[in-house]
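Take a look at the letters that make up each chain.
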4 protein chains.
Amino acid sequence: MAGNHFGRLFTVTTFGESHGIALGGVIDGCPPGLELSEADLQIDLDRRKPGTSRYTTARREDDVVKILSGVFEGKTTGTSIGLLIENTDQRSKDYSNIKDIFRPGHADYTYQQKYGLRDYRGGGRSSARETAIRVAAGAIAKKYLKDKLGIEITGYLSQLGPIELAPVDLSITNDNPFFCADAAKLEALDEYMRDLKKSGDSIGAKVSVVACHVPVGLGEPVFDRLDADIAHAMMGINAVKGVEIGDGFAVVEQKGSEHRDAMTPQGFTSNSAGGILGGISSGQDILVHLALKPTSSISVPGETVDINGQSAEVITKGRHDPCVGIRAVPIAEAMLALVLMDHFLRHRGQNADVCSQTPVLPGNLSE
Amino acid sequence: MAGNHFGRLFTVTTFGESHGIALGGVIDGCPPGLELSEADLQIDLDRRKPGTSRYTTARREDDVVKILSGVFEGKTTGTSIGLLIENTDQRSKDYSNIKDIFRPGHADYTYQQKYGLRDYRGGGRSSARETAIRVAAGAIAKKYLKDKLGIEITGYLSQLGPIELAPVDLSITNDNPFFCADAAKLEALDEYMRDLKKSGDSIGAKVSVVACHVPVGLGEPVFDRLDADIAHAMMGINAVKGVEIGDGFAVVEQKGSEHRDAMTPQGFTSNSAGGILGGISSGQDILVHLALKPTSSISVPGETVDINGQSAEVITKGRHDPCVGIRAVPIAEAMLALVLMDHFLRHRGQNADVCSQTPVLPGNLSE
Amino acid sequence: MAGNHFGRLFTVTTFGESHGIALGGVIDGCPPGLELSEADLQIDLDRRKPGTSRYTTARREDDVVKILSGVFEGKTTGTSIGLLIENTDQRSKDYSNIKDIFRPGHADYTYQQKYGLRDYRGGGRSSARETAIRVAAGAIAKKYLKDKLGIEITGYLSQLGPIELAPVDLSITNDNPFFCADAAKLEALDEYMRDLKKSGDSIGAKVSVVACHVPVGLGEPVFDRLDADIAHAMMGINAVKGVEIGDGFAVVEQKGSEHRDAMTPQGFTSNSAGGILGGISSGQDILVHLALKPTSSISVPGETVDINGQSAEVITKGRHDPCVGIRAVPIAEAMLALVLMDHFLRHRGQNADVCSQTPVLPGNLSE
Amino acid sequence: MAGNHFGRLFTVTTFGESHGIALGGVIDGCPPGLELSEADLQIDLDRRKPGTSRYTTARREDDVVKILSGVFEGKTTGTSIGLLIENTDQRSKDYSNIKDIFRPGHADYTYQQKYGLRDYRGGGRSSARETAIRVAAGAIAKKYLKDKLGIEITGYLSQLGPIELAPVDLSITNDNPFFCADAAKLEALDEYMRDLKKSGDSIGAKVSVVACHVPVGLGEPVFDRLDADIAHAMMGINAVKGVEIGDGFAVVEQKGSEHRDAMTPQGFTSNSAGGILGGISSGQDILVHLALKPTSSISVPGETVDINGQSAEVITKGRHDPCVGIRAVPIAEAMLALVLMDHFLRHRGQNADVCSQTPVLPGNLSE
């Protein structure tokens, strides 16, 4: 309950600091009989890992994951799966200069106050490096969802600073360093990021995730609605400050006659709801959008205080992403996979007899 | 785990349908020795209850709450608190016409598919009527937070359709039927709503909540960050489609030098973070914004299907709020109170020795 | 997490004090489509209720239960079920004399120390009166287990003080006031209890419960083994001081060659294990035994202290069971039903595909 | 929720099979500021590890534990602690002969039925080898309980087959291979075990654990009583078939006047309750007793079936403990420490203000 545990039936428990020995975790509740190898996890880890383009941190981590248990002769056994990723490129001396001051916009101050002490090296546990294990865990969930249920989860960058990016072609998101599905904007992105790096500043971003072929019925009213649990999962990603389902904040200015998705024998005619009605999946695509703040680790000097409350100036050197939103794409996919997986097992536990029936409607018409 | 349970140390478990016998719940984990009476709960219930203005549903429910246990000689005993609100104005015949069809934008279809059957009367368990118990539970949390920790939680309507509403004077929110803090806009709101009612349509809204004097240290990294749990709580309110903390989606276009809140010996100089850093409260005001969709229960005819998948038309008669966002204000306050209360107990459980120390910084300068 | 919540997927949350307004609870996670009425719950409540024989407390409570939600047109809907039992025969003045002293062997002292105050009337929340709601909740689980899975759960008194009682004929347990399955001992029990009542003292007892036709596969290793969760459920019944599965403490003197239950193509040839291997049900009968202490509420004077730590003498008047073990029989059945129900849903959630297969072996040969 | 997770506020999540790559786990919720090193954990691991005497399995494992996170500059940081123990002496070929048959008295059959497949090497996840991580986790809890609260937890062997062992001198339990506190019986134990080994059979045992200086107030009524959670923890240890608190099954024949522990201004005059009243610690010593069955892995031939349900004979070769009860002593201590630690944090979370007050009574008079 100290916050490093996620899920109810399909659970993930993680540990590890940015500059510690290793990151790791335990996945509990994975159904038996799923074909699984380290290679299945490595694909997404490689998408998230640092040092792959000039737009991400220069820290080089191979992020090689080991499966320590729970898989026997190539299949999951139903018992807990231990995961381990060793840290290899820690440069802790980079951080000794910030030992006694609080970097503004970071967790330094709040960790110090909450716990009375902190591992200041690279932000310790508060570093987004921790998300590597989420991505590995999410890859297991993604594999089950795809192999057994046909669910596909795809994320993409939908805005970077002022540049809006449409989901023109989701098949190209893994072919460019921005997870961008809008080929026409790639040059603009490149130029924007080059200028940004020169200025030593950072920029916010918007990330979107879509899940297709989700069965009807996932989500537990009243408090554990599917959208509520997605919001929890997404707002729990480092730097996220906003979460939307379907039309999101645009609904504030919508009328009921405009917002509600009509139903026809052929399916829903629109998807303002983002695939969730009354907290339960409707069979339409699930649509989620996240707002990620610009990282506060920049070389622009900033005003702060030290651990004694005295004035200080901070310039973050270290190695940082100028736009943390970019690498958040595989993380957001992983978190959505974890939520869907958990809710699938919960739904099946309570409603196994019902949930095998054919739904009244097909999904959205566009499928 | 079927979704009607909220929280970890301060928990709320609820039951009850829109047109059933009663709503009720159990609050578990309330510290002993808190002075508590039914009147403390009734204040917020009266703010939420239907039938108080011409802008809300015409259903009349007194929403009188009874405390059945857990309070002895005017004080909480530390044992579970049973709450009961009897339904008095159910008009179930209003709903017989929608027994066999699915209202678009409602949970009818997803409940039917998830469970294989449903209580169709007024939406059954999916009705927002269920939130009455959340408000009652939240009132207990609010009282503890205020009496023992000095925390104050205030919600207000920040936008209704196209009309933006600034937090000019939070002290007036309870003096008008809109929970509006912007006196200059009251007439425009009134006019807008009158026109809307005539059209038989409904409108979306934005609601904001502020918590002042929150101590530093609440929130559990990694997954149960304070903001993640707030997002879970808020997205779990009926009709909510988006949640923001602090600057929210505006961060997408912000630069790091602009977003990060500087720290000075006098406190933070701004509050873009919305009072949360690294998932832990910083001592600044906590700022949350929600987007609420327009209700789908409108008298404008809509296209749908019946339980056999055949085409049908629906006109919702019944009694409905043209803007469900308005009455969501006390609900959002209640949910924020529940999250803060739960995290206060969790923090104290793990870090009791540390959390009694004086923080390095005061809260935000504006206080 | 304050202890009034039981289970993971099929959950029970309760409230209510011995001399409060009412007892109640919420059952969450019941699968939809189960035929259920108040009469189904009342049967077991009537078996547990006080005042039915001269061997139980003279307090008269009808223990009439109301279902407030979660059932529509005679069937469960899959949403939370609210239960309520009003207290009718509270005689709180009986207890004013013990307001300021701690009854030895009771929870008075520990509640006072834990919470700083207590509802002293009849023990408040610590009274076994609270178990009425457990029995009602258990009746729902029992009905599902029997209707859908064919599982039958039967409890009986297996020892009262020095009188050992064999499970000669389980069909007679509801026909005598002792839940005794050993007709030859009824007269001896009657005589023993008459003498005991005269002496003003009380006596311990042993209760046994059997579950037949349990499918193979229930129970989650490592920590939530089926036996571990049964032990938790049983030791949580008021006055229980010991729990055994299968041969229980007799295994201390057994050899491996003697203890292990041989397996043959026709099934197991014995049941020392009590139906659980490696924490998972084996398909054999589940056998559980409990030791219940004699109630400390007796008219024999006892030495104690008051709330200021000063010496005092206590004679409990009130109305009490001379052997609380007797009425524990339906409570133990209810708790076993709750554990099996919860584990059935958990197992089905994770292993739905596997768990529908026919097991290699039938259950025990004796069936 | 798949069973590899323990606790609420101080939690342990584990993974690893008998013949897999490694065992490991995550401890979450440890308060910050506790001095902790690997040496603190190794002490108890060495007490439990195999191969230390001729009375335990010949498998040689050094059980060297690594702390991978959560400790910085010698102190816990409040974040999750990752633990790892690599397996070094796996001889998996020993087990190929039992790949297709079910060893009677083992989890082979139930795992196969539950999951549809199993890691048969040394019992896979069902092996008691998994308890190494529990012991490591328990050592952290023990250190906190001792350093911060003065609680001491001591286990001892209280019976081995027919030989009863009194707690004559708890200081000698670590000086003999039996964890025996009764020096006069050491020779008899030695002789008994020598004869047993020759016969190729195994024997049951009784283990007892005492916790001294436990503060009043730990335990959450109604369901999560301290004794209920202890029973859950203890019955979850491999091979345990019975759990007693205080007088345990002896209460069946006790009278109320005999059982209830009198209270005097100097403290309780006896401890039949075993330190728990109404599910809450009373300040007296907590007394727990466990019954452990004889291991079923013996060289005496046994009747069983293979995975096709056909008759088969089994002789377990491998390397096994003739009395698994002996090595259960440090495991039982660890589990009691985990329960007390968790309940201490839960109690402090809800009742921090009350729980710092001086109790009315000292503990038991014998202290």
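Residues numbered from 1 in each chain as written. Chains lettered and ligands numbered in written order. Predicted model: local features only at pLDDT ≥ 70, side-chain atom pairs only at ≥ 80, totals over all residues.

Draft legend 1. The arrangement of the interface of chain B and chain A in detail. Contact with chain B, which involves 97 residues of that partner, is made by 97 residues of chain A. A breakdown of the residues in the side of chain B that touches chain A according to their chemical character gives 39 nonpolar, 37 polar and 21 charged. Relative to strand β11 (residues 240-245) of chain B, strand β11 (residues 240-245) of chain A runs antiparallel, the two sharing three bridges. Pairing of A:Glu244 across the sheet is with B:Gly242, part of β11(B). (Contact = placed C-beta atoms within 7 Å. Nonpolar A, V, L, I, M, F, W, Y, C, P; charged D, E, K, R; others polar. Pairing = 2+ DSSP bridges. Helix = DSSP H or I, 4+ residues; strand = E, 2+ residues; numbered from the N terminus.)

Draft legend 2. Fine view of the sheet that holds β11(A). Spatially, β9(A)-β8(A)-β10(A)-β16(A)-β11(A)-β11(B)-β16(B)-β10(B)-β8(B)-β9(B) is the arrangement adopted by the 10 strands of the open sheet, whose pairing is antiparallel. Both outer strands of the open sheet, β9 (163-164) of chain A together with β9 (163-164) of chain B, are each paired with one neighbouring strand and no more. Packed onto the sheet, helix α5 (residues 226-235) of chain A meets β11 and β16 (286-292) of chain A together with β11 of chain B and runs at close to 155° relative to β11(A). (Axes fitted to C-alpha atoms, helices over the stretch in contact; angles between N-to-C directions.)

Draft legend 3. Up close: unusual backbone geometry. A cis amide bond, omega 15°, links A:Pro221 with the succeeding residue A:Val222. With respect to the element layout, A:Val222 can be found in the loop between β10 (205-212) and α5. For C:Asp63, which is not glycine, the phi dihedral falls at a positive 50°. Within the fold, C:Asp63 resides in the loop between α1 (38-48) and β4 (65-67). A residue is classified by how many C-beta atoms lie within 10 Å of it, and C:Asp63, with 24 of them, is buried. Located in the positive-phi region is C:Ala239, a residue other than glycine, with phi close to 80°. (Buried ≥ 20, exposed ≤ 12 C-beta atoms within 10 Å, placed from the backbone.)

Draft legend 4. Representation of the relation of the copies chain B and chain A in the model. By a simple turn and slide, chain B fits onto chain A: the slide is 0.0 Å along the axis, the RMSD is 0.0 Å, and the turn is 180°. What the superposition gives is, in effect, a two-fold axis relating one chain to the other. Minimal C-alpha distance to the rotation axis in chain B is attained by B:His232, lying at 2.3 Å. Mapped onto chain A, 99% of the interface residues of chain B are again interface residues, and the two copies thus contact each other with one and the same surface. (Least-squares fit on C-alpha atoms with pLDDT ≥ 70 in both.)

Draft legend 5. Local environment of the UniProt feature "binding site: FMN" (unreviewed entry) in chain A. Taking the numbering used here, the UniProt-annotated feature "binding site: FMN" (unreviewed entry) corresponds to A:Arg125, A:Ser126, A:Ser127, A:Asn238, A:Ala239, A:Gly278, A:Lys293, A:Pro294, A:Thr295, A:Ser296, A:Ser297 and A:Arg319. With respect to the secondary-structure elements, A:Lys293 resides in the loop between β16 and β17 (302-305). On the basis of neighbour count, A:Lys293 is assigned to the buried category, with 30 C-beta atoms found within 10 Å. With residues up to four places along the chain from it excluded, the contact list for A:Lys293 reads A:Gly204, A:Ala239, A:Lys241, B:Val251, B:Gln254 and B:His259. (UniProt positions renumbered as here; feature names shortened; annotations may be inferred.)

Draft legend 6. Looking closely at the interface of chain C and chain B. At the interface, 40 residues of chain C touch 40 residues of chain B. Mapped onto the side of chain C that touches chain B, the elements with two or more residues apiece are β2 (11-15), β3 (22-28), β7 (81-86) and α2 (108-115) of chain C. Among the residues forming the side of chain C that touches chain B, the class breakdown is 13 nonpolar, 19 polar and eight charged.

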